[in-house]
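Residue-level structure breakdown
One-letter residues, chain by chain:
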Amino acid sequence: MTAVESNVEEPTETAKPSTLTENQPREQSGPSPISSIVADLRASFDAGILRTLESRRIQLDQLRRMLAEHEDKILAALEIDLNKAPMEAYATEIGVVVAEIKYALKHLDTWCASEKVKVGLTFKPGSAEIRPEPLGVVLIIAPWNYPAQLLLAPLIAAIAAGNTVVLKPSEVAAATSKVMAELIPQYLDERIVTVVTGGVDETTLLLAERFDHIFYTGNGTVGRIVMGAAAKHLTPVTLELGGKSPAIVTADADIEVAARRIAWGKFVNAGQTCVAPDYVLVDAAVEDRLMGALLRAVHDFYGDDPKASSDYGRIINEKHWDRLTGLLDSGGYDSVICGGHGDRAAKFIPPTVLAGVDPGAALMQEEIFGPILPVLPVAGLDEAIAFVNGRDKPLALYVFSANQTSIDRTIALTSAGGVCVNHTVLHVGVGELPFGGVGASGMGAYHGKAGFDTFTHRKSILTKPVRPDPPIMYPPYKGWKYKLLRRVM
């Protein structure tokens, strides 16, 4: 990443904090604090505070400056929450957001330009265009696993499109949530962005309000609650969910490379990644080779004792540690190739690879979202494809093969939010590629222009001159009018 520019205005000292915490009093005679926040943001939107592209650029530049000037503070919070190593945290949380800001600034003029549309003979003389316009006031609810990136990346798109925003960081990643709530009001205009902290109560109050779009990243259970609440106001939603993303390894794949890339994608952030390979379907002819290569890759990455590695993360809290160890305890597999149970007090589970996994095991019924990798042998590619198609559509699918026909067949015969060939996770970082799920793994997409489009209405406009004003349009509809109409339409 290049150095961040700093030639933007200082945050105003007179700006009032635009955060609401769970510690504020609940009982008030007037509107609730959250209702007031939404009303104030709507008033700002109606006043056209982000109508000009320059006003949007200022906010995006301020956000970029915030990340540059407080990188150490954000990295420290991510270490507290998830024990993220500085390089991993920068690459997956800060660097990717900076890249998204730069991409939006580079393309903002093009995205916001009106698109001229040809009109048919029937509508001439006249002109038509599609004009992008912001939706209004939007709500962004972020998860805990990438608590900076997944809060700020959709914010970039929302601001670029000209919306005012309520941000709800995850209370589970408490340190990062606190830092975001402290920093954002210092850099972004409080009339444009407000951070609401807290837990279920605050989120419930937010969902009772009328927004013009709700963007939620998390699990399907809460996604259904969000969608139900949005339906009461006919509010459109983007749901970035997850699911069991498979990695398919064919017999002709480069096994060593496949193992390294699967292990990296699985165990980054201790497996707490929505697009992490959730399980592996490997051709039985190369199963043993893959197991050995996975074991070597884990050792190369994290050494003899992953707990002592400064590059390996931790489980977010004891609740999720208990859930993951419960999946291990539920059985349904023959052997543990590496890893296994860890240390609850340290919220540590080592990189774990399981062999001989039963498709009916508890491990295979829900998204694991942790550093446990089941490996299932299959007779060949057709069996792997059938296995994937017999389950919910995943957020990501990975195929490792040296045969282009096998790759093309896998892509053509399966459905997933996104596909990465001969690697894992990296497709998420390509700005030109929309990122989102399909079916149970989500709806809607963002990143790059897809994010701008998510928070934008494409307004159709037809302009007609007052002359000529042909009588054919108006009653009475004589016979000649009908005949002429049939000729031109």
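**Re the overall build of the protein**
Check the secondary structure of the protein and you find 15 helices and 19 strands. A globule of 489 residues ought to have a C-alpha radius of gyration of about 23 Å, and the protein, at 26 Å, matches this closely. Dimensions of the protein, computed from the C-alpha atoms along their principal axes, are close to 80 × 60 × 45 Å. Taken across its 489 residues, the protein has 52% of its residues classed as buried. Taking the intrachain contacts of the protein between residues at least 6 apart in sequence as the baseline, contacts between residues at least 24 apart amount to 73%.

**Describing the pairing of strand 8 (residues 237-240)**
Judged by which residues are buried, strand 8 turns out to be covered on both faces: V237 and L239 on one side and T238 and E240 on the other are all buried. Of the pairings in the sheet, the one linking strand 7 (residues 213-217) to strand 8 comprises 4 bridges and is parallel in character. Note that in strand 8 the partner of F215 across the bridge is T238. Once the chain exits strand 7 it traverses helix 8 (residues 220-231) before rejoining the sheet at strand 8, and the crossover so formed is right-handed. When strand 8 meets strand 17 (residues 442-443), the two strands line up antiparallel, connected through 2 bridges. Bridging across to strand 17, L239 finds its partner in M443.

**Section: helix 10 (residues 287-302)**
Compared with an ideal rise of 1.5 Å per residue, which puts 16 residues at 22 Å, helix 10 spans 23 Å between its outermost C-alpha atoms and is within 8% of the ideal. Looking at helix 10, one finds that the buried residues are E287, L290, M291, A293, L294, A297, V298 and Y302. All buried residues of helix 10 project into a common sector of 170 degrees when viewed along the axis, lining one side. Residues of helix 10 that are exposed and angled more than 90 degrees away from the buried face: D288 and D300. Considering only its buried residues, helix 10 is in contact with strand 9 (246-249), helix 9 (255-267), strand 10 (279-283), strand 11 (335-338), strand 12 (352-355) and strand 13 (372-378).

**Quick look at the sheet that holds strand 14 (residues 396-400)**
In spatial order, the strands read 11-12-13-10-9-14-15; together these 7 strands make up an open sheet with mixed pairing. In the strand order of this sheet, the two ends are held by strand 11 and strand 15 (418-421), each with one partner. When strand polarity is set aside, the average angle formed by the axes of neighbouring strands in this sheet is 25 degrees. Bridge count between strand 9 and strand 14: 3 bridges; the pairing is parallel. Among the inter-strand pairings, A247 is bridged to a residue of strand 14, identified as Y398.

**Considering the layout of surface pockets**
Of the volumes computed, that of the second largest pocket is approximately 660 Å³. Forming the walls of the second largest pocket are 24 residues, and the residues nearest its centre are A91, T92, W264, V268 and V425. At the level of secondary structure, the elements contributing two or more residues to the lining of the second largest pocket comprise helix 4 (86-112), helix 5 (149-161) and helix 10. Per element, the largest residue contribution to the lining of the second largest pocket is 5 residues, and it comes from helix 4. Tallied by class, the residues present in the lining of the second largest pocket amount to 17 nonpolar, 5 polar and 2 charged.

**Quick word on helix 1 (residues 33-46)**
With 14 residues, helix 1 extends 20 Å between its outermost C-alpha atoms, agreeing within 8% with the 20 Å of an ideal straight helix rising 1.5 Å per residue. When helix 1 is considered as a whole, its buried residues turn out to be I34, I37, V38, L41, R42 and S44. With its buried residues spanning 160 degrees around the axis, helix 1 presents them on a single face. Facing away from the buried surface of helix 1 by more than 90 degrees, the exposed residues are D40 and D46. Looking one or two residues past helix 1, G48 carries a phi angle of roughly 80 degrees, positive in sign.

**Section: the environment of Y216**
Along the chain, Y216 falls in strand 7. Taking the C-alpha atoms as reference, Y216 lies 6.0 Å from I140; in sequence the two are 76 residues apart. Here Y216 is in contact with I141, V222, G223, V226, T238, L239, E240 and L241, once residues within four sequence places are set aside. A distance of 3.1 Å separates a polar side-chain atom of Y216 from the backbone nitrogen of N219.

**Focus on the side chain of T352**
Position of T352 among the secondary structure elements: in strand 12. By relative accessible area, T352 is classed as buried at 0%. In contact with T352, not counting residues within four places along its chain, are F267, L328, V336, C338, G339, G340, P371, I372 and L373.

**Regarding the nonpolar core**
Within the largest apolar cluster, 122 residues are counted, with the highest numbers of intra-cluster contacts made by L152, L155 and I184. Residue contacts for L155: discarding those within four places in its chain leaves L63, I140, V165, L167, L188 and V193. In this structure, V38, L139, V226 and L241 belong to the second largest nonpolar core, which totals 20 residues.

Scoring rules and cut-offs
- Residues numbered from 1 in each chain as written.
- Predicted model: local features only at pLDDT ≥ 70, side-chain atom pairs only at ≥ 80, totals over all residues.
- Heavy atoms only, no water.
- Helix = DSSP H or I, 4+ residues; strand = E, 2+ residues; numbered from the N terminus.
- Rg over C-alpha atoms; globule rule 2.2 N^0.38 Å.
- Buried < 20%, exposed > 50% of the residue type's maximum accessible area, 1.4 Å probe, protein only.
- Contact = heavy atoms within 4.5 Å.
- Pairing = 2+ DSSP bridges.
- Right-handed = clockwise from strand over helix to strand, strands pointing away.
- Expected span 1.5 Å × (residues − 1).
- Arc of directions from axis to C-beta.
- Axes fitted to C-alpha atoms, helices over the stretch in contact; angles between N-to-C directions.
- 1 Å grid on protein atoms, 1.4 Å probe; cavity = no way out; pocket = protein on both sides within 12 Å on 5 of 7 lines; lining within 4 Å.
- Points joined across faces, edges and corners; volume = space filled by probe spheres on them.
- Nonpolar A, V, L, I, M, F, W, Y, C, P; charged D, E, K, R; others polar.
- Polar contact = N/O pair within 3.5 Å; in protein donor to acceptor, adjacent residues only side chain to side chain.
- Core = buried A, V, L, I, M, F, W, Y, C linked by side-chain atoms within 4.5 Å.

Read these as layout, nothing more, since geometry by itself doesn't imply function.
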